[in-house]
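# Fold and geometry: a report
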Amino acid sequence: MIQDSGKVNPKDLDSKYAYIQVTHVIPFFDEKELQERKTEFERSHNIRRFMFEMPFTQTGKRQGGVEEQCKRRTILTAIHCFPYVKKRIPVMYQHHTDLNPIEVAIDEMSKKVAELRQLCSSAEVDMIKLQLKLQGSVSVQVNAGPLAYARAFLDDTNTKRYPDNKVKLLKEVFRQFVEACGQALAVNERLIKEDQLEYQEEMKANYREMTKELSEIMHEQMG
């Protein structure tokens, strides 16, 4: 019997069956490896470590608001590197790390910064990916996107609930994020055709609105 990657209560499992937990993993690299593995090929071959993440909340629900959303990151180390002559390779070691809500925000925003920077620095810019990332990044929806993290963790009424070092780190990540969004908008404007000018202006307007609210939340000029 195959079980999906949701959180399972062992008491609910029937002892007559053998259960397999199936989940999606991605290659895991530390900072040094990322510096060494520059190309897509290098980041897809000769890999032993993989990662997957599971959301949870302290109340027991899997999903919650950003101020209560935690996640567990699991890093698996296989005996051999992929690709390999066999499709299945035993895992020799696994490491778990639990991230609290503000750490989740820092992690998610750092990923956005890295993705935007990578797309902008590519020799051949993938316009579809760039525009999708931009559209999600400059969203001004009330309960979604980067602004939801800023409202939950950086607003004056909320910052005192969290460690100063985490708040400072999240603020720095937001500064980098605003810079990365500005760079991505500039790259997009340089490469788009005339039929996308209106779309570009809409994203720039959203960017201005986003940076305006961030400036008010963080009490500093953003963008």
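Just so you know, these numbers come straight off a predicted model, no measurement behind them.

### Quick look at the sheet that holds strand E3 (residues 26–27)
Pairing is antiparallel in the open sheet, where four strands are placed in the order E3-E4-E5-E6. What marks the edges here is a single partner per strand, and that holds for E3 and strand E6 (91–99). Relative to strand E4 (residues 47–56), E3 is paired through two bridges, and the arrangement is antiparallel. If you follow Ile26 over to E4, its bridge partner there is Met51. Each of E4, strand E5 (70–82) and E6 touches helix H2 (residues 101–121); the most contacted strand, E5, lies at about 55° to it.

### Remarks on unusual backbone geometry
Cis geometry is adopted by the peptide bond preceding Pro83, which originates at Phe82 and carries an omega value of -10°. Positive phi, normally seen in glycine, also occurs at Asn46, with a value near 60°. The backbone of His219 shows a phi angle near 60°, a positive value even though the residue is not glycine. Looking at the element boundaries, His219 is found in the segment after helix H7 (197–218). Here His219 falls in the exposed class, since its relative accessible area comes to 58%.

### With respect to the side chain of Ser215
If you trace the backbone, Ser215 turns up in helix H7. The exposure class of Ser215 is buried, given its relative accessible area of 13%. Side-chain polar atoms of Ser215 contact the backbone nitrogen of Met222, separated by 2.9 Å. With residues up to four places along the chain from it excluded, the contact list for Ser215 reads Glu220, Gln221 and Met222.

### Details of H7
Compared with an ideal rise of 1.5 Å per residue, which puts 22 residues at 32 Å, H7 spans 31 Å between its outermost C-alpha atoms and is within 8% of the ideal. Among all positions of H7, only Gln200, Met203, Tyr207, Met210, Thr211, Leu214, Ser215, Ile217 and Met218 are buried. Mapping the buried residues of H7 onto a view down its axis gives an arc of 155°, with all of them on the same face. Facing away from the buried side of H7 by more than 90 degrees, the exposed set consists of Glu198 and Lys212. Contacts from the buried residues of H7 go to helix H3 (127–137), helix H4 (146–153), helix H5 (156–159) and helix H6 (164–191). His219 lies just past H7 and shows a positive phi near 60°.

### So, the confidence of the model for the protein
Residues at a pLDDT of 70 or more form 93% of the protein, whose mean pLDDT is 87. Here strand E1 (residues 2–3) stands out as the least confident element of the protein, with mean pLDDT 38; H6 is the most confident, with 95. This stretch, residues 1–5, has a pLDDT under 50; its non-local contacts, to residues over four places away or in other chains, come to 17 contacts.

### Describing the packing of H2 against H3
As a packed pair, H2 and H3 sit with axes 10 Å apart at the nearest point and diverge in direction by 150°. For H2 against H3, the interelement crossing comes out left-handed. Residues Glu115, Leu116, Leu119 and Cys120 of H2 form the contact with H3, whose own contacting residues are Lys129, Leu130, Lys133, Leu134 and Ser137. Classifying every residue of the contact of H2 with H3 by side-chain character gives five nonpolar, one polar and three charged.

### As for the pairing of E5
Bridge count between E4 and E5: nine bridges; the pairing is antiparallel. Bridging from a neighbouring strand, Phe52 pairs with Thr74 of E5.

### What to know about the pattern of salt bridges
With the rule as written, the count across this model stands at 20 salt bridges. A salt bridge links Glu108 to Lys111; the shortest N-O distance between them is 3.9 Å. Residue Glu108 and its partner Lys111 are located together in helix H2, separated by three residues, close to a single helical turn. Across the pair Lys204 and Glu189 runs a salt bridge, and its minimum N-O distance is 3.6 Å. Placement of Lys204 in helix H7 and of Glu189 in helix H6 is noted, with a sequence separation of 15 residues between them. Note on Lys204: relative accessible area 22%, which makes it partly exposed. Connected through shared salt-bridge partners, Glu53, Lys71, Arg73, Asp107, Glu108 and Lys111 make up one network.

Thresholds applied
- Residues numbered from 1 in each chain as written.
- Predicted model: local features only at pLDDT ≥ 70, side-chain atom pairs only at ≥ 80, totals over all residues.
- Heavy atoms only, no water.
- Pairing = 2+ DSSP bridges.
- Helix = DSSP H or I, 4+ residues; strand = E, 2+ residues; numbered from the N terminus.
- Contact = heavy atoms within 4.5 Å.
- Axes fitted to C-alpha atoms, helices over the stretch in contact; angles between N-to-C directions.
- Buried < 20%, exposed > 50% of the residue type's maximum accessible area, 1.4 Å probe, protein only.
- Polar contact = N/O pair within 3.5 Å; in protein donor to acceptor, adjacent residues only side chain to side chain.
- Expected span 1.5 Å × (residues − 1).
- Arc of directions from axis to C-beta.
- pLDDT = per-residue confidence, 0-100.
- Left-handed = near helix turned anticlockwise from the far one by under 90°.
- Nonpolar A, V, L, I, M, F, W, Y, C, P; charged D, E, K, R; others polar.
- Salt bridge = Lys/Arg side-chain N within 4 Å of Asp/Glu carboxyl O.

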